[in-house]
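# Examining the three-dimensional arrangement
Residue-level listing of the chains:
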Amino acid sequence: MRLAVGCDLGATNLRVALVAEDGQVLASTREAHGDREPEVVARRIAARCADLFAMAGRTWNDVAGVGVGLAGQIHSATGRVVVGPNLGWRDVHFAALLRDRLGRDVRVVNDLNAAAWGEHRAGTAQGVDDVLVVFLGSGVGAGLILGGALYEGASGLAGEIGHVKVRPGERLCGCGERGCLEAYVGGHHVADRLREAVHEGRAQAVLAAAGGDVNQVGPHALHLAAEHGDPFALDFLEEMAAFLGLAIGNAITLLNPRKLVLGGGMFHGISRLRPLVERAIRKVAGRAQAAELTIDESALGDDAGLVGAALLALP
Ligand SMILES: [Zn+2]
């Protein structure tokens, strides 16, 4: 069976794995980012590859491709990172840099595109040709499989559902624009919005759930307050679901996917959220386009990007 190396350059961790063509992870490593200089990251990936081969009893001769997934805008034909905000990269020819270090061709892709491909080839959307994958964590993003192929868009920026406007001109988003979905439902923004509500005296149960420490107010405290039936927390979740339903439901009408895959830490951390979001999506999506739509949880979870990056690199 052919093997590939997959790398996931996340916001906090560098992960590298040896992945079989059926999506099975044979060996993997995870470490916190140190120096984020591209040359240093390339050197660490090379070192981790050597570790993985030792763990799995393999060599470079067994490897048919190397794929790297990271958040940001990627020029997919060349593997140039136009903007990689988590790493502070701008105009980094990372595919070329890593190729020089490893002596192998390298494919660099957006992390959500990698995750979507992972679910399509080895996860919950196997055999499904039209898939929308949405991950809700500290940020919000999506990947698109259309007609069995990864759809990256004209500038490699398709799938940025976190920056679909749900309240144009209002709350400032990390991208510099106003009114984005992410500014209301991304984990970092949820924590900010809850703290604002605490300061306005509207979220006392959430503050209590955080042990009275405003710095601990965030999605977990929101979850606990909602489980205790706090009306503010329940309303807040309903509003989050409505924003997500608006953006995702309209995407369903536009793209008519057969399957929607929902993943990311916010769905795991806030158990009430998923059913609310599914209901909100069904309310917004066109009835005809959603008639045969199935909605599933991500099967690969945290590994989706890692596995997808590896499988995308297989020729
Ligand atoms: Zn934005």
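The rules we used
- Residues numbered from 1 in each chain as written.
- Predicted model: local features only at pLDDT ≥ 70, side-chain atom pairs only at ≥ 80, totals over all residues.
- Heavy atoms only, no water.
- Helix = DSSP H or I, 4+ residues; strand = E, 2+ residues; numbered from the N terminus.
- Rg over C-alpha atoms; globule rule 2.2 N^0.38 Å.
- Buried < 20%, exposed > 50% of the residue type's maximum accessible area, 1.4 Å probe, protein only.
- Contact = heavy atoms within 4.5 Å.
- Areas by Shrake-Rupley, 256 points an atom, 1.4 Å probe, with all protein chains shown as cover.
- Lys, Arg positive; Asp, Glu negative; His and termini not counted.
- Charge placed at Lys NZ, Arg CZ, Asp CG, Glu CD.
- Pairing = 2+ DSSP bridges.
- Axes fitted to C-alpha atoms, helices over the stretch in contact; angles between N-to-C directions.
- Domains from an automatic or database assignment.
- Buried area = accessible area lost by both parts, 1.4 Å probe.
- Salt bridge = Lys/Arg side-chain N within 4 Å of Asp/Glu carboxyl O.
- Polar contact = N/O pair within 3.5 Å; in protein donor to acceptor, adjacent residues only side chain to side chain.
- Nonpolar A, V, L, I, M, F, W, Y, C, P; charged D, E, K, R; others polar.
- Core = buried A, V, L, I, M, F, W, Y, C linked by side-chain atoms within 4.5 Å.

A few words now on the overall build of the protein chain. A count of helices and strands for the protein chain gives 12 helices and 13 strands. The C-alpha atoms of the protein chain give a radius of gyration of 20 Å, which matches the 20 Å a tight globule of 315 residues would have. Summarising its shape, the C-alpha atoms of the protein chain cover approximately 60 × 45 × 35 Å along the three principal directions. Looking at the protein chain as a whole, 52% of its 315 residues qualify as buried. Contacts in the protein chain between residues at least 24 apart in sequence constitute 59% of all its contacts with a sequence separation of at least 6. Total accessible area on the protein chain is roughly 13,600 Å²; 47% of this is exposed by carbon and sulfur atoms. Within the protein chain, the 36 negative side-chain charges are centred at a point lying 1 Å from the centre of the 30 positive side-chain charges.

Note that strand β6 (residues 80–84) and strand β7 (residues 89–92) share 3 bridges and pair antiparallel. Within β7, the position partnered with V81 by the bridge is V92.

All right, on to the sheet that holds strand β11 (residues 149–150) then. Pairing is mixed in the open sheet, where 5 strands are placed in the order β11-β10-β9-β12-β13. Sheet topology places β11 and β13 (294–297) at the edges, where each strand pairs with a single neighbour. As paired elements, strand β12 (residues 259–263) and β13 share 4 bridges and run parallel to each other. From the neighbouring strand, K259 faces β13, where its bridge partner is T294. Here helix α3 (residues 111–122) sits on the sheet and contacts β9 (131–136), β10 (140–146), β11 and β12; the angle it forms with β10, its principal contact strand, is near 50 degrees. Packing of helix α8 (residues 231–255) onto the sheet brings it into contact with β9, β10 and β12, and relative to β9 it is tilted by some 165 degrees.

Here the protein chain is partitioned into domain 1 (3–120 + 303–312) and domain 2 (127–298). Here domain 1 and domain 2 have C-alpha centroids that lie 27 Å from each other. Contacts between the two partners involve 15 residues from domain 1, matched on the other side by 21 residues from domain 2. Carbon and sulfur atoms make up 58% of the surface buried where domain 1 meets domain 2, a total of about 1,300 Å² over both sides. When the area that domain 1 buries against domain 2 is broken down by residue, the three leading residues are L112, N113 and H120, summing to 41%. Between R107 and E152 there is a salt bridge; the shortest N-O distance is 3.9 Å. Applying the counting criterion to the domain 1 and domain 2 interface returns 4 residue pairs in polar contact (both at pLDDT 80 or more). For the side of domain 1 that touches domain 2, the secondary structure elements donating two or more residues are β5 (73–75), β8 (106–110), α3 and α12 (304–312). The leading source of residues in the side of domain 1 that touches domain 2 is α3, at 7 residues. Grouping the amino acids of the side of domain 1 that touches domain 2 by side-chain chemistry returns 8 nonpolar, 5 polar and 2 charged.

A few words on the nonpolar core. Grouped together as the largest cluster of nonpolar side chains are 54 residues, with contacts concentrated most on I248 and L260. The leading source of residues in this core is α8, at 12 residues. If near-sequence neighbours (up to four positions away) are discounted, I248 is found in contact with L132, V134, I161, L260, L262 and I281. If you look at the next biggest cluster of nonpolar residues, it comprises 30 residues, including C7, A20, A27 and F94.

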